[in-house]
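Residues per chain are reported as follows:
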Amino acid sequence: MMKKMSIPTSKTSLVLFLCQIISALDVPLDLSQPPTITQQSPKDYIVDPRENIVIQCEAKGKPPPSFSWTRNGTHFDIDKDAQVTMKPNSGTLVINIMNGGKAEAYEGVYQCTARNERGAAISNNIVIRPSRSPLWTKEKLEPNHVREGDSLVLHCRPPVGLPPPIIFWMDNAFQRLPQSERVSQGLNGDLYFSNVQPEDTREDYICYARFNHTQTIQQKQPISVKVFSMDSLNDTIAANLSDTDIYGAKPVTERQPVLLTPTGSTSTKVELRGNVLLLECIAAGLPTPVIRWIKEGGELPANRTFFENFKKTLKIIDVSEADSGNYKCIARNTLGSVHHVISVTVKAAPYWITAPRNLVLSPGEDGTLICRANGNPKPSISWLANGVPIAIAPEDPSRKVDGDTIIFSHVQERSSAVYQCNASNEYGYLLANAFVNVLAEPPRILTPANKLYQVIADSPALLDCAYFGSPKPEIEWFKGVKGSILRGNEYVFHDNGTLEIPVAQKNSAGTYTCVARNELGKIQNEVQLEIKDPTMIIKQPEYKVIQRYGQVSFECIIKHDSTLLPTVTWLKDNDELPDDERFLVGKDNLTIMNVTDKDDGTYTCIVNTTLDSVSASAVLTVVARPNPPFDLELTGQLERSIELSWIPGDENNSPITNFVIEYEDALHEPGVWHYQTEVPGTQTTVQLKLSPYVNYSFRVIAVNKIGRSQPSEPSEQYLTKSASPDENPANVQGIGSEPDNLVITWEPLKGFQSNGPGLQYKVSWRQKDVDDEWTSVIVANVSKYIVSGTPTFVPYEIKVQALNDLGYAPEPSEVIGHSGEDLPMVAPGNVQVHVINSTLAKVHWDPVPLKTVRGHLQGYKVYYWKVQSLSRRSRRHVEKKILTFRGNKTFGMLPGLEPYSSYMLNVRVVNGKGEGPASPDKVFKTPEGVPGSPSFLKITNPTLDSLTLEWGSPTHPNGILTSYTLKFQPINNTHELGPLVEIRIPANESSLILKNLNYSTRYKFYFNAQTSVGSGSQITEEAVTIMDEVQPLYPRIRNVTTAAAETYANISWEYEGPDHANFYVEYGVAGSKEDWKKEIVNGSRSFFVLKGLTPGTAYKVRVGAEGLSGFRSSEDVFETGPAMASRQVDIATQGWFIGLMCAVALLILILLIVCFIRRNKGGKYPVKEKEDAHADPEIQPMKEDDGTFGEYSDAEDHKPLKKGSRTPSDRTVKKEDSDDSLVDYGEGVNGQFNEDGSFIGQYSGKKEKEPAEGNESSEAPSPVNAMNSFV
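Draft legend 1. Up close: the nonpolar core. Of all hydrophobic cores here, the largest spans 28 residues; its most connected members are Ile53, Ile55, Trp69, Ile95, Tyr110 and Ile128. If you list the elements that add at least two residues to this core, you get β3 (44–47), β4 (53–55), β6 (66–71), β9 (93–95), β10 (108–116) and β12 (126–130). Take this core: its biggest share by element is 3 residues, from β10. Apart from residues lying up to four places away in sequence, Ile128 is in contact with Tyr45, Val47, Ile53, Ile55, Tyr106, Glu107, Gly108 and Tyr110. Counting 20 residues, the second-largest nonpolar core is a separate cluster that includes Leu632, Leu634, Leu644 and Val679.

Draft legend 2. Fine view of the sheet that holds strand β59 (residues 641–647). Taken in spatial order, the 3 strands of this open sheet run β58-β59-β62, and their pairing is antiparallel. Strand pairing shows two members of the sheet lacking a second neighbour, β58 (630–635) and β62 (685–689), which therefore form its edges. Direction aside, neighbouring strands of the sheet carry axes that sit 25° apart on average. In this structure, β58 lies alongside β59, joined through 4 bridges in antiparallel fashion. Bridge assignment links Phe630 to a residue of β59, and that residue is Ile647.

Draft legend 3. Here's a closer look at the state of the cysteines. According to the stated counting rule, one finds 6 disulfides in the structure shown. Two residues share a disulfide in this structure: Cys465 and Cys514, whose sulfurs sit 1.7 Å from each other. Between Cys465 and Cys514, the disulfide has an S-S torsion of -60° and is therefore left-handed. Taken together, the positions of Cys465 in the loop between β41 (461–463) and β42 (467–470) and Cys514 in strand β46 (residues 510–518) put the pair 49 residues apart, joining distant regions of the chain. Cys514 sits in the buried class, given a relative accessible area of 2%.

Draft legend 4. How the structure looks around the environment of Gly681. By the secondary structure assignment, Gly681 is in the loop between β61 (669–680) and β62. In this structure Gly681 comes out as buried when scored by relative accessible area, which is 19%. Residues Gly681 and Phe659, 22 residues apart in the sequence, show an inter-C-alpha distance of 5.8 Å.

Calculation rules
Residues numbered from 1 in each chain as written. Predicted model: local features only at pLDDT ≥ 70, side-chain atom pairs only at ≥ 80, totals over all residues. Heavy atoms only, no water. Core = buried A, V, L, I, M, F, W, Y, C linked by side-chain atoms within 4.5 Å. Buried < 20%, exposed > 50% of the residue type's maximum accessible area, 1.4 Å probe, protein only. Helix = DSSP H or I, 4+ residues; strand = E, 2+ residues; numbered from the N terminus. Contact = heavy atoms within 4.5 Å. Pairing = 2+ DSSP bridges. Axes fitted to C-alpha atoms, helices over the stretch in contact; angles between N-to-C directions. Disulfide = S-S within 2.5 Å.

What follows is the structure, encoded as structure tokens:
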């Protein structure tokens, strides 16, 4: 079974991987070996006194080692302490504290020994100490009374704990106290005030100590601080406080810096190598001093130096001996500076240079154990053998100690042992175990057989060959089954047996064989190497600029080895994407919907496989309209100018290009903002020109490429003084609305243009070219004045001047206007028409005298219309056309005339009032033209050698037809045309039989008509003669028929030929040279509806079949119906009306049947029912079915009721219930009452002269009466 392994590609991963392989080269556990400590507790082990103490000691060896412990240098007999147990197959101790034990009783130094027959290994000295979180000592805290500006230190002095607590300051509400350059916490936990301010007054400064090991927090008593300001100190407070309490009664003064910590000018600091160096300087002073750090004679180490606590703390991580030196902190404010020098010495606990490593030797071999360490001061080296100082250990003639080295020569199996090297100085110690194991073993390869390695092309490949043997085997590598030994610079052979291919190529793939041999034997192993294509991002995300609330997408299209499964991850600013449904991650992209400002940042696409990883990033910049400017300020106020300044708002990633300034006139147009000016985006002040008598407010709008900001808040108002107007109304005009008036109009001045109150206008006019005085009138603030009683259309000089309560505007300029126009008086004369061709004519006329125009001459209108067509002699609906010729023209062209037609025209002059009288109608005729195309061409009755042609005359003959011309030619299977034959046909013919044609041949026909002028446009058609009389050779479409309406036409045809033909319909305007329009027929239907046609237009149409090259029907011509404003529909033919009438007839029939049934049952009028009501109930039984009395049996009166035969529920007959009075059926006096109180007068009156026999009515019942009876 092949095992798979992926080789990482980066250099860092490669080094780590190689180190793992090297460190993994151990003696196999199935071989005898001395003990090796694999796990132990830390040297300084602080335990939670509330939990069981677990002291770890794990070891391996063959045979498995046994364990023992010492405590404080003496044997620790765990069997005698019921609270202490040792885990099975382990040396780990468990001290039971939770069941009555006390952690303090087990403080001490513990050491573990693991021993078997080949030696003994020992652990570090493990110091066990329980953590402590003592309470604060009780103390009485006096309130702190401090003068404003003085410094203050609030001492914390937390209890000494193990480990030391974390200190922080909070208030009674458990909120952290704010810290700043002025107020901060020192490394010792005290709270320092460089200078106090009144806002520092409070009674709840509380220092907290958090002991993380026991997860407890201790609280100091609250400290009270009261800050006195000398300006507000009253006599009462002064009487209760001594001068000492308030530090004297001096006012607040600025002070130069003084160091609060450290004190003095110099101090020293010792730190150990590898630790974090923390140096602190906190200074008092007013203004608050600023701290700066330097290293004398050198630079602060880059990448390891950090400033904390508002630069009051200098932090250097991972210090080394090179960081020793003098560090100076300088505190400075505007009054001076102070400094302190801290001399730093970096000492070092011992650290390894060369730690001793396990040594496996075969009998008779030589070897060395080396133990080298360094430190400051330099550590001393001592050796132990199996946990005993080597000086008193059993002698071994094969070993020799030489300082930090033990030399072994000609070792034997009894030389196996575990040696300990101890390097120590005053700051600590190092202890390392290394065994010497003497074995005689043939080679073995520890790497699994047929292990599969996969690497990316052009990256290193590491093929493992972990081995063991004693003596140490030699390793050789081969490629392939019969390959030669690998050598050369393209391979690297590591001591642990690993083969490295620094740059693996595609041809590096294959089987590799590792061979290990020593004097005791030989073994080999094969591994497989596969080379994969690298993962690439072929479409990387690109830089995007997007507007706020828009949508943006980043692409990340990848290419990868087909055998690898990639995963794509998106990051924002090197962190996970926000948990927001607006972020949509697709297969190849990331889409962000409704983008906001928070989405601004760097987006990274990371593609990972099991072998490699690639990434690409792009920046998203979210832009938006700028924020509005703010803090508008008016300065330099003058009568006609002012300076406006503002502060720009945020430009939202798009630079501001300009600012727009608007103003509001609260005096004349409150709430309305007007454009004033604009300035470049780099300018934040502008000098504005002002008008008198305006109450100004200004606002500013910022503009960038995205758009305009919201307006700023308005500035304060500024009212300018009044003045006389500077300008007069614009656009002054004089135009009469009637023949006898002059209407003077102008654009009024805007509110701010009035320059003062009482705005009016002086309107002046006089007739031009007449020695006349000006007539003037002063009007209110309006825009029009009408002068009545003027002559018709004469010029006037006009002027309008503005004025207000402070005076007149400058003298206005004069304009020329005219009084009102009237209709022209005369018609143009001498109208002549010159016909140029059959569709174009030129008309001439004499101009009318200008005096008779009585207004501004706008031009002439020519009315012309077609009277009749000379070829058809039929009159049509007269449609007049109008052409207007501007200005004083005396001729014009009339295009678009129909040939061979009779026209009439007249000419009229036009002014601003309207049209003058028409000239006498002028008749002219157009000559003949070429005819239109024939209306249709059909080819029918194909035989072996003949075809029948039928056609229709042109819809527009445009003259007298003289003949038709038919041309035709055969077409072979390759669509090549044969010789052309031409036939002239008399004009009165409408069909032709062509004989002597070739059988089974396609022909193309061209057909047109002629007048004396020439030939018209032709129509074409194709047809095929048959092969024999029974079966046609080709399919055909024949009998194309059309049924046209106003805007559509139904097309139908007959088809003979193969099944499943797909038809299409082609159509166009008859006689037009435009391309045919094509419509596809759905399915194999033999009909189609053409829609969207133009009313009153002749169309040509033909049908074809898809897939049958060149196969079409003959052309047909039809004409749509004329357009009508409203179409009259014969209602009698409409389905809905027929249905309605049927329903009414059925209803009437039902009613008649009901009436007939009730008549036969003897339905009576109410008097009989009332008589029945007073009769003997035994004689007149009640009917059970409807609750009415039985029939009245008297046969004297069987007259039918003309209306309903039933009475209302109250048994009275109301007037509205029966408009036909029943008096016709009774005699006697009207209005009498019967004995029972019934009013019988309603039945008196005339009787029917001819009473009906039986129960049938003598009159045919009308539908109306029947309906009334039903109701």
